[in-house]
Amino acid sequence: MKNPNFILPQLINEDVKDYRKGSIERIEVQDVYDKMFNENIEIPLYIGNEKILTEKRIEINPPHDNKKVVGTFSFCNEKHVHLAIENLLKVKNIWTNTPWQDRASIFMKAAELIAGPYRSKINAATMIGQSKTIFQAEIDAACELIDFLKLNIVYMNEIYQEQPINVDDVSNKLEYRPLEGFIYAITPFNFTAIGGNLCASPALMGNVVLWKPSDYQVYSAKIIMDVFKEAGLPDGVINLVTGDPIMITDIALKNPNLSGIHFTGSTDVFKNLWSKVGLNINLYRDYPRIVGETGGKDFIFSHPSADSKVVSTAIIRGGFEYQGQKCSAASRIYLPSSKSHEILDYLNDQISTITMGSPRDFQHFMSAVIHEKSFDKIVDYIEKARKSKDAKIVIGGDYDKSVGYFISPTVIVTTNPNFLTMKEEIFGPVVTIYIYEDENWKNTLEIVDNTSIYALTGAFISQDRDSITYALKKLRYSAGNFYINDKPSGAVVGQQPFGGSRGSGTNDKAGSKLNLLRWVSPRLIKENFNPPTSYPYPYMD
Ligand code: NAD
C-alpha cells in the first residue's frame with residue numbers, strides 16, 4: 001500500500017487566524033461577507049455532472065437578520081432522489097477502483113483550496129447562514145474541515161497498513177474494500193466541518209455518498225461542493241440533495257443498496273432512522289453500518305478545590321460560545337456551596353460585558369440562534385424556569401426575535417438536580433447551576449452520572465489530584481469526551497477524537513481511524529505458495 005510517490009500530510013492542525021483589526025484576513029472576509037450578503041444566490045442540487053435548479057425554492061435568511069433574503073436553495077422531489085442514488089451506483093465502480101493515492105490527492109487539494117482561495121468564502125457563508133462569529137466560523141468551517149480532510153488521509157493509510165501475519169509459504173492480505181452500496185450522510189446545521197466530513201470521510205475510503213445537509217447549513221454546503229468539484233472529485237461521488245428530510249430519507253432507506261448511514265443531529269431523529277433501518281432490514285443486501293453522533297447534556301463539575309476564575313471562564317466559553325449550539329456545550333453545572341457566590345459574581349461580571357449582534361460586527365462574542373423553532377423552544381425553557389419554584393434566573397433570561405433570533409446568555413440556579421433544564425438538551429445559551437454541599441461532592445458525582453440520557457462531554461475542574469482520579473472512575477461512562485480543568489467543548493481533530501455513548505450516539509469518534517473503519521468491509525486474501533497435494537495429515541501415519 002505504500003507509494004514512494006505519495007507524501008502523506010503531516011499530523012499538524014491548521015493554524016487558526018486571529019482576524020485582528022487591520023489584518024489582511026479580516027479585510028478579506030468582511031469584503032466577501034458584504035458581497036455574499038447582498039447577492040441573491042441560487043443553490044442547486046448537485047447530481048452527477050448536473051447542477052439542478054428546481055422550481056420549488058426555499059429562502060435563505062440569516063438568523064441574525066431574519067427578514068433579509070440572501071438567496072434560495074432548491075427543494076428536490078422524489079425523482080431527484082432516485083436519480084441521485086442511481087447516479088451514485090453508476091459512478092461507484094470507477095471510484096472504488098480509483099487508487100487510494102488519487103482519492104487522497106483530491107481531498108488534499110480540497111483542504112488546500114479551503115486553506116487558501118476559499119477560506120473567506122466558506123467562513124462568510126457560515127457567518128451569514130449559521131450566524132457564527134468570525135472566530136467560530138474560522139475554527140469550524142476553515143480549520144476543522146481542513147483538519148478532517150488532511151488527517152483522515154493519514155488515518156486511512158494507517159488502516160491500510162494493518163495487515164495479518166504471513167507464515168511459511170502463505171501470504172495473507174487484508175483488502176479494505178469500500179462498502180458495496182452507497183452511504184447516506186445526513187448532517188446538522190451547527191458545524192460546516194461536520195457537513196463536509198460526513199460525506200468526505202466515506203468517499204475518501206472509496207464509497208459513494210448521498211448527502212442531505214440541514215436546511216440551515218445549505219449555504220456553506222454549497223461552497224463545500226464547489227471545493228470538491230474544483231479539487232477534482234469525479235461527478236457523482238458525492239451527490240447533494242436538499243428538501244423534505246423524511247421523503248429523502250424514506251427513499252434512501254428503502255433502497256436495497258443502502259450500505260451505511262453517517263448521521264449527526266438530534267437523538268430522536270437518529271432513533272427514528274435506526275428503527276426505520278430495522279423495519280427495512282429484509283430489503284438490504286448488506287447490514288447497513290449505522291454511525292450517529294447525537295445530542296448532549298454536557299456538564300461542568302467544579303470540585304471545592306477548583307479555581308473560581310477557571311470555572312467561570314469554562315462556563316462562559318463552554319456554555320455560550322456559538323450561542324450554546326454545540327453538541328458539546330456546557331449546560332448543567334455543579335458548584336460547591338463554599339465557592340458558589342464567588343463563581344456567580346465572576347459570571348455576573350464577565351457576562352455583563354458580552355454583546356450580541358450580527359457576526360459582521362466583530363466586537364460581538366455571540367450572535368443569534370439558528371431559527372424561529374429553536375428560538376421558541378429555548379424561550380419555553382426559560383419561561384418554565386421563571387415560573388418554577390425550584391429554579392431562579394440569576395443572569396439574563398431576555399430574548400427578542402424582531403430582527404434576529406437573539407437570546408441573552410442565561411444562567412438559572414436550581415435547587416432540584418433533576419430540574420427539567422438539568423436533564424434535557426436545550427441547544428441554546430442557557431446553563432443551569434446546581435449547588436451542592438462541599439462534603440457531598442462524591443455523592444453529587446452519582447447524580448451527574450444519572451441525571452440525563454446523554455453521555456457526550458463533561459468537565460471536571462479541580463486542583464486536587466485524588467479527586468480527579470476518583471471522578472475519572474466514577475464518571476467512566478458519563479462522557480465520551482472528558483475534560484480535566486478545561487471547558488467541555490472545542491474538540492480539535494487529531495487531538496480530541498469526538499463522540500459520546502448512551503443517548504449521545506454510537507461513539508465512532510469523528511476525526512479518527514475508528515470512524516474510517518466503519519466505511520470499509522475488509523476482504524481477507526490468503527494465497528498458498530505451496531498447496532498440499534494429498535489430504536492425509538502426519539498424525540494419521
Ligand atoms: P436535527 O436532528 O434537527 O437535524 C439533523 C439532520 O437530520 C438535518 O439534516 C435534518 O434535516 C435531518 N432530519 C430532521 N428530521 C428528520 C427526519 N425525521 N428524518 C430524517 N432526517 C431528518 O439536528 P440539528 O438541529 O440540525 O442539529 C442539532 C443537533 O445535532 C443537536 O441535538 C446536537 O446535539 C446534535 N449534534 C451532535 C453532534 C455530535 O457530534 N454528537 C455534533 C453536532 C450536532
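Every chain begins its residue count from 1, and numbering advances along the sequence as written. Since the coordinates come from a predicted model, pLDDT governs what is reported: local features require at least 70, and pairs of side-chain atoms require 80 or more to be given and counted, while whole-chain, interface and lining totals use all residues. Excluding hydrogens and water, the side-chain values take into account all heavy atoms of the structure.

> Is there a simple way to think about a nonpolar patch on the surface in this case?
A cluster of nonpolar side chains, contributed by Y535, Y537, Y539 and M540, occupies part of the molecular surface with about 590 Å² of accessible area. In this description a helix means any DSSP run of H or I spanning at least four residues, a strand means any run of E spanning at least two, and both kinds are numbered starting from the N terminus. Looking at the element boundaries, M540 is found in the segment after β23 (520-528). Only residues whose relative accessible area exceeds 30% and that take part in no salt bridge are eligible for patches, with like-charged residues grouped when within 9 Å of each other and nonpolar side chains (Val, Leu, Ile, Met, Phe, Trp, Tyr) grouped when within 5 Å. The method behind every accessible area is Shrake-Rupley, applied with a 1.4 Å probe, and residues are considered shielded solely by the protein chains displayed. In what follows, salt bridge is the name for a side-chain nitrogen of Lys or Arg lying within 4 Å of a carboxyl oxygen of Asp or Glu.

> Sorry if this is basic, but what is going on with the sheet that holds strand β14 (residues 391-395) here?
Strands belonging to one sheet form pairs held by backbone hydrogen bonds; the direction of such a pair is parallel or antiparallel. Sheet architecture is open: 7 strands sit in the order β14-β17-β18-β13-β12-β20-β21, paired in mixed fashion. Of all strands in the sheet, those with a lone pairing partner are β14 and β21 (481-484), marking the two edges. Direction aside, neighbouring strands of the sheet carry axes that sit 20° apart on average. A pair of strands is labelled paired if DSSP reports no fewer than 2 bridges between them. Relative to strand β17 (residues 410-414), β14 runs antiparallel, the two being bridged by 4 bridges. Along β17, the bridge assignment pairs K392 with V413. Contact criterion: two residues are considered in contact whenever any of their non-hydrogen atoms come within 4.5 Å of each other. Fitted lines through C-alpha atoms serve as axes, helices being fitted only where they are in contact, and the angles separating the N-to-C directions of these axes extend from 0 to 180 degrees. Across the sheet, helix α14 (residues 441-450) lies against β12 (298-302), β13 (330-336), β18 (430-436) and β20 (457-461), angled at about 180° from β12, the strand it touches most.

> Explain the sheet that holds strand β4 (residues 57-60) to me, please; I cannot follow it from the model alone.
Pairing is mixed in the open sheet, where 3 strands are placed in the order β1-β5-β4. Looking at strand neighbours, the two that pair on one side only are β1 (41-43) and β4, the edges of this open sheet. Going from strand to strand, the sheet's axes swing by 25° on average, the running direction of each strand aside. Sheet topology note: the β4/strand β5 (residues 71-74) ladder contains 4 bridges and is antiparallel. Following the sheet pairing, I58 is matched in β5 by F73. Strands β1 and β5 of the sheet are contacted by helix α7 (residues 218-231), whose axis makes an angle of about 75° with β1.

> Sorry if this is basic, but what is going on with the domain arrangement of the protein here?
As a measure of interface size, the accessible area lost when the parts come together is often cited. Domain limits in this description derive from either an automatic procedure or a database domain assignment. Per the domain assignment, the segments of the protein are domain 1 (24-161 + 175-294 + 505-524) and domain 2 (298-484). Summarising the inter-unit geometry, the C-alpha centres of domain 1 and domain 2 are found 31 Å apart. Counting residues at the interface gives 26 residues for domain 1 and 30 residues for domain 2. When the two sides are added together, the surface that domain 1 and domain 2 hide from each other amounts to roughly 2,400 Å², 61% of it contributed by carbon and sulfur. Linking domain 1 with domain 2 are 1 salt bridge. The shortest N-O distance in the salt bridge between R360 and D34 comes to 2.7 Å. Simply put, the buried area is the total loss of 1.4 Å probe accessible area from both parts when two parts are fitted together.

> How should I be thinking about the side chain of D140 in this particular structure?
The residue D140 is located in helix α5 (residues 134-161) in this model. Polar contacts here mean pairs of N or O atoms no more than 3.5 Å apart (in protein, one a potential hydrogen donor and the other a potential acceptor; neighbouring residues in sequence count only if both atoms are side-chain atoms). In terms of polar contacts, D140 uses its side chain to reach the backbone amide nitrogen of T192, at 3.0 Å. Contact partners of D140, with chain neighbours within four places excluded, come to T126, K132, L145, N190, F191, T192 and A193.

> For this particular structure, what's the right way to read the site of the ligand?
Residues are labelled near a given molecule or strand when at least one of their non-hydrogen atoms is within 4 Å of it. Near the ligand, the surroundings consist of 26 residues, among which T187, K212, S266, T294 and E425 are the closest. One nitrogen or oxygen atom from the side chain of S266 is found 2.5 Å from an oxygen atom belonging to the ligand. With respect to the ligand, the backbone of T294 contributes an N or O atom lying 2.8 Å from a nitrogen atom. For the ligand, whose unbound accessible area comes to 850 Å², protein coverage reaches 86%. Breaking the shell around the ligand down by element, the ones donating at least two residues are α8 (245-253) and β10 (258-264). Ranked by residues supplied to the shell around the ligand, first place goes to α8 with 3 residues. Residues were grouped as follows: Ala, Val, Leu, Ile, Met, Phe, Trp, Tyr, Cys and Pro as nonpolar; Asp, Glu, Lys and Arg as charged; and all remaining residues, including Gly, as polar. Residues of the shell around the ligand, tallied by class, amount to 13 nonpolar, 10 polar and 3 charged. Residues lining the shell around the ligand come from more than one domain, with at least three contributed by each of domain 1 (24-161 + 175-294 + 505-524) and domain 2 (298-484).

> Would you take a moment to explain helix α6 (residues 192-204) for this structure?
In an α-helix, one turn spans 3.6 residues, which is why side chains three or four residues apart end up on the same side. Multiplying 1.5 Å by the residue count of a helix minus one yields the expected span of that helix. Counted at 1.5 Å a residue, the expected span for α6 with its 13 residues is 18 Å, and the 18 Å between its end C-alpha atoms agrees. Across the 13 residues that make up α6, a large majority, 13, are buried. Within two residues after α6, G206 carries a phi angle of roughly 100°, on the positive side. Relative accessible area decides the class of each residue, using a 1.4 Å probe on protein chains only: under 20% of the type maximum gives buried, over 50% gives exposed, and in between gives partly exposed.

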